[in-house]
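Examination of the molecular architecture
In case you want the letters, here they are:
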Amino acid sequence: MQSLGFRLRGTRGLNPRLKAAFNTRAVVADSTHESREYLYCYSSPILVTYASHFLSLVSEYLYCSSSLVSEYLYCSSSLVSEYLYCSSSLVSEYLYCSSSLVSEYLYCSSSLVTHTSACVDIEKQKKLVFLTRQLELLSQKQLSMNDYCFALQSYPKCNYEQLRDFLVLQCKCKLQYITSSIDKDQVLREAFDKVQTLQQKNVFLLVDEVQFRLNAEERSPSSDLCKEAAQTCNRQSFDSDSFVCACSGSSCDYLEEVSPPPDTSSYVIVSSDRDNARLAVSSGVMDGQASAGQWTVRRLQESLLRSYFAPEGIRYSLCRVPIAGSDFSTRPYSYDDVEGDVDLVNFALAEEDYMYKLPLMQRALELVSGTSTLQIFGSPWAPPGWMKENGMANGQGGLLPEMWGPYSNYLVKFIDAYEAEGVPIWGITTQNEPMTGFEDWPWNTCAWTAEDQRDWIKTNLGPAMVDAGYDDVKIMVLDHNREFLPDYPSIILEDPDTYKYVDGTAVHWYSDAVDYPDKLDATHDLYPEKFILYTESCEGWSGPPHVELGSWQRAQNYAVNIIDDVNHYSTGWVDWNMALDMEGGPNWVSNFVDSPVIINAAVDTFYKQPMFYAMGHFSRFVLPGDVAVQSTISEEDGNIRAAAFVNDDNNVVVILLNTADAELSVTIQPDAASELYANLLVPAKSIHSIIFAI
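Predicted, not measured: the structure shown is a model, and the values here were computed from it. (Residues numbered from 1 in each chain as written. Predicted model: local features only at pLDDT ≥ 70, side-chain atom pairs only at ≥ 80, totals over all residues. Heavy atoms only, no water.)

Notes on the overall build of the protein chain
Tallying secondary structure elements over the protein chain gives 19 helices and 22 strands in all. For the protein chain, the residues scored as buried account for 61% of the 694 residues in total. Per element, the accessible surface of the protein chain, about 25400 Å² overall, is 48% carbon and sulfur. (Helix = DSSP H or I, 4+ residues; strand = E, 2+ residues; numbered from the N terminus. Buried < 20%, exposed > 50% of the residue type's maximum accessible area, 1.4 Å probe, protein only. Areas by Shrake-Rupley, 256 points an atom, 1.4 Å probe, with all protein chains shown as cover.)

Here's what the structure looks like:
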């Protein structure tokens with residue numbers, strides 16, 4: 001899934017070339033492939049013929065009679081008759097697990113019930129998921145409270161974070177089997193196998209794989225889950241110029257809250273470098289004079305999502321999702337593959353949406369709730385093949401003119417469907433890389449000339465969005481490389497009837513090495529009211545090695561490009577994939593690339609690459625609404641790059657990059673009206689987020 005962005009408001013009389021809004025965001029690309037490794041999907045209702053497996057399980061192993069359940073878990077008799085379907089009353093009040101309930105099998109400390117804010121909104125068709133998870137754990141002869149309450153914490157509407165935290169941190173559970181003549185393991189295996197055969201796509205359980213196995217007496221009830229996890233990077237090297245930080249379901253390096261300095265006499269600096277640090281927090285004292293030198297899905301899935309979106313993560317705030325299939329899907333598909341269905345009677349989201357994309361985005365929205373924002377935009381790679389000139393998702397060909405209307409309605413229906421699932425759409429791009437469709441392109445594409453796209457927007461897409469009530473959904477044109485600036489968006493925006501529907505221009509980074517940032521300036525100068533947003537970037541796309549674990553050079557390339565782009569009016573910067581496998585996929589056409597996070601499913605571990613931390617220096621410290629301001633570098637030799645931002649609290653954030661192989665002396669004056677300076681020795685190959693009070 002993605003990266004970051006920014007958005008301007010005021011300019012404080014600053015250089016008008018830097019009035020670009022900087023609204024830090026992150027993109028969720030379709031990195032949900034292979035999510036079967038990290039996502040369990042169970043279904044119900046369970047057939048009555050299988051109920052005896054569960055009831056006998058409870059009576060044989062937990063000695064939980066219906067009266068026990070009713071008395072100690074506040075479960076009504078109807079709850080038991082529904083095969084222990086868990087109603088909201090199960091945890092809406094305290095989970096009074098009396099020791100007498102489980103005196104020989106489950107030892108739950110009384111601190112289990114010190115929190116009451118968990119939500120259990122389990123629909124009737126999801127009966128027995130609670131016992132289903134218990135069956136799996138029991139068959140393994142181990143049970144933690146975190147897993148014991150798996151079913152309760154796994155539904156999108158539940159307060160997953162609070163429930164998981166208090167269960168994991170405050171409970172100690174052990175299961176001791178009684179001696180019995182029956183083959184318990186066989187009974188459990190058979191019952192669980194039958195449950196697995198009843199899978200259906202409308203039940204999604206995001207599995208929390210944080211296996212802490214905590215003892216209540218060894219942890220304070222007020223312990224914070226994230227602080228209890230390993231705070232230091234678990235360094236692993238893969239013959240590159242730097243290292244990765246390896247994360248498991250129970251250990252990952254998170255970042256504590258970073259507060260701005262109390263006054264102008266000091267600063268806070270967060271640093272990463274090639275050789276040692278990853279988001280290391282320190283502080284310094286301002287000097288009265290400048291120094292000589294330059295101014296220069298399972299548990300693992302939860303850890304990964306927290307690393308990107310949670311308060312202790314790098315706080316991505318913008319996500320991109322492909323509209324139907326992309327090259328990083330495992331197959332080409334659309335939302336209506338019934339040829340000739342111009343009324344879209346057969347339109348429906350795909351299995352990939354219900355099983356992977358939506359649950360991930362729903363969880364991401366939960367993680368940012370209350371602390372930050374998360375905006376999501378969609379990008380189409382191709383319309384249904386039957387709407388195209390060549391009848392295929394890929395290859396050479398554009399949209400048939402008679403399909404302009406149906407395809408506009410198709411995009412509206414996508415927004416409808418995601419909104420109905422609790423995932424609001426902030427914006428859409430009109431077509432991913434429209435110029436590729438004029439070639440025999442190997443993966444999903446659709447050719448659009450700027451003239452055709454101009455006419456389609458004003459006659460079909462724009463009116464369809466307004467009629468559906470989505471006039472506030474941002475429409476972005478181009479969604480391709482700098483090489484097509486400013487001509488492509490200019491042709492579209494010069495028509496006043498199209499101009500009123502378009503909000504911005506989306507750009508990809510793949511030609512940036514030869515097409516310089518002045519093309520961004522030219523685009524902005526022509527239409528300063530329309531924002532520019534970088535919507536796709538990645539390393540490893542031009543050839544082997546696609547994945548280069550631990551590459552600092554690739555992190556530096558990210559930082560250089562972000563700094564250049566935001567200093568030339570880009571209001572954001574979006575990575576392509578949030579996570580890929582060790583090969584750089586899956587990808588149905590083997591178009592493998594690199595990613596800030598690489599998942600090694602064989603060892604249940606993911607690697608945070610240097611690119612991840614480079615992204616975090618922006619997404620964590622340049623917040624939505626911050627204003628990009630002009631920065632000046634004197635005695636410039638090309639090794640020091642910087643971007644500066646002012647936030648609502650009147651703090652200045654400077655992102656500073658040293659690309660040299662040597663330590664450099666840098667002096668920063670955050671406020672031109674004040675003779676206060678930060679004199680720094682900046683390590684070789686390093687990036688820093690520095691916070692000043694002004």
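With respect to the packing of helix H18 (residues 552–566) against helix H19 (residues 610–619)
Where H18 contacts H19, the axes come no closer than 7 Å and their chain directions differ by 25°. It follows from the interaxial angle that H18 and H19 lie roughly parallel. In terms of crossing hand, the pair formed by H18 and H19 is right-handed. Residues Trp552, Arg554, Ala555, Tyr558, Ala559, Ile562 and Ile563 of H18 form the contact with H19, whose own contacting residues are Pro610, Met611, Ala614, Met615 and Phe618. Tallied by class, residues from the contact of H18 with H19 come to eleven nonpolar, no polar and one charged. (Axes fitted to C-alpha atoms, helices over the stretch in contact; angles between N-to-C directions. Parallel < 35°, antiparallel > 145°, perpendicular 65-115°, else oblique. Left-handed = near helix turned anticlockwise from the far one by under 90°. Contact = heavy atoms within 4.5 Å. Nonpolar A, V, L, I, M, F, W, Y, C, P; charged D, E, K, R; others polar.)

A word on the confidence of the model for the protein chain
Across the protein chain, the average pLDDT comes to 74, with 65% of residues at 70 or higher. Segment residues 1–135: pLDDT under 50, and 406 contacts once partners within four positions in sequence are set aside and those in other chains are kept. Overall, residues 292–296 carries pLDDT values under 50, and its contacts beyond four positions in sequence, including any with other chains, amount to 26 contacts. (pLDDT = per-residue confidence, 0-100.)

What to know about the pairing of strand E7 (residues 318–323)
Counting buried positions over the six residues of E7 gives six, a clear majority of the element. Strand direction decides the pairing type here: E7 and strand E8 (residues 375–380), joined by six bridges, are parallel. In the sheet register, Ile323 faces E8, and the bridge partner there is Pro380. Taking the sense of rotation as the criterion, the β-α-β connection linking E7, helix H12 (residues 351–368) and E8 turns out right-handed. (Pairing = 2+ DSSP bridges. Right-handed = clockwise from strand over helix to strand, strands pointing away.)

Comments concerning a negative patch on the surface
Side chains of Glu389, Glu451, Asp452 and Glu494 sit close together on the surface and give a patch of like negative charge. Tracing the sequence through the fold places Glu389 in the loop between E8 and helix H13 (404–420). (Patch = residues over 30% accessible without salt bridge, like charges linked within 9 Å, V, L, I, M, F, W, Y side chains within 5 Å. Salt bridge = Lys/Arg side-chain N within 4 Å of Asp/Glu carboxyl O. Lys, Arg positive; Asp, Glu negative; His and termini not counted. Charge placed at Lys NZ, Arg CZ, Asp CG, Glu CD.)

A word on the nonpolar core
A general feature of soluble globular proteins is that nonpolar side chains tend to end up buried together. If you look at the biggest cluster of nonpolar residues, it comprises 125 residues, and the most contacted ones within it are Tyr308, Phe309, Tyr335, Tyr410, Phe414, Tyr418 and Met465. Sort the elements by how many residues they give to this core and H13 lands first, with nine residues. With sequence-adjacent residues up to four places away left out, Tyr410 is seen in contact with Ile323, Ala324, Ser334, Tyr335, Asp336, Leu344, Phe347 and Pro384. In this structure, Ile269, Ile640, Leu680 and Phe692 belong to the second largest nonpolar core, which totals 20 residues. (Core = buried A, V, L, I, M, F, W, Y, C linked by side-chain atoms within 4.5 Å.)

Digging into the state of the cysteines
Per the stated rule, a full pass over the model turns up two disulfides. Across the disulfide, Cys233 is cross-linked to Cys245 (sulfur-sulfur distance 2.0 Å). Disulfide Cys233-Cys245: torsion about the S-S bond near -105°, hence left-handed. Pair noted here: Cys233 is in the loop between helix H10 (225–228) and strand E3 (235–236) and Cys245 is in strand E4 (residues 244–247), with a separation of twelve residues, a long-range link. Across a sulfur-sulfur distance of 2.2 Å, Cys247 and Cys252 are joined as a disulfide pair. Taking the torsion about the S-S bond as the criterion, the Cys247 to Cys252 disulfide, at about 65°, is right-handed. (Disulfide = S-S within 2.5 Å.)

Re the pattern of salt bridges
Applying the stated rule across the entire model yields 21 salt bridges. In this structure, Arg482 engages Asp512 in a salt bridge whose closest nitrogen and oxygen atoms are separated by 3.1 Å. Of this pair, Arg482 sits in the loop between strand E10 (474–481) and helix H15 (487–493) while Asp512 sits in the loop between strand E11 (504–508) and helix H17 (518–526), placing them 30 residues apart in sequence. The class of Arg482 is buried, set by a relative accessible area of 2%. By relative accessible area, Asp512 is classed as buried at 10%. Look at the salt bridges and you will find they share partners, linking Glu302, Arg306, Glu312, Arg363 and Glu366 into a network.

Observations concerning the environment of Val547
Turning to its location among the elements, Val547 is positioned in the loop between strand E12 (531–536) and H18. With residues near it in sequence (within four places) discarded, Val547 still touches Arg554, Asp581, Met582, Glu583, Gly584, Val593, Asp594 and Ile598.

Points about the pairing of E11
Counting buried positions along E11 yields five of five residues, so the element is predominantly enclosed. The pairing of E10 with E11 spans five bridges and is parallel. Residue pairing in the sheet places Leu478 in a bridge with Ala506 of E11. Where E11 and E12 come together, five bridges link them in parallel fashion. Residue pairing for E12: His508 is matched across the bridge by Glu536. Crossover E11 to E12 through H17 is right-handed.

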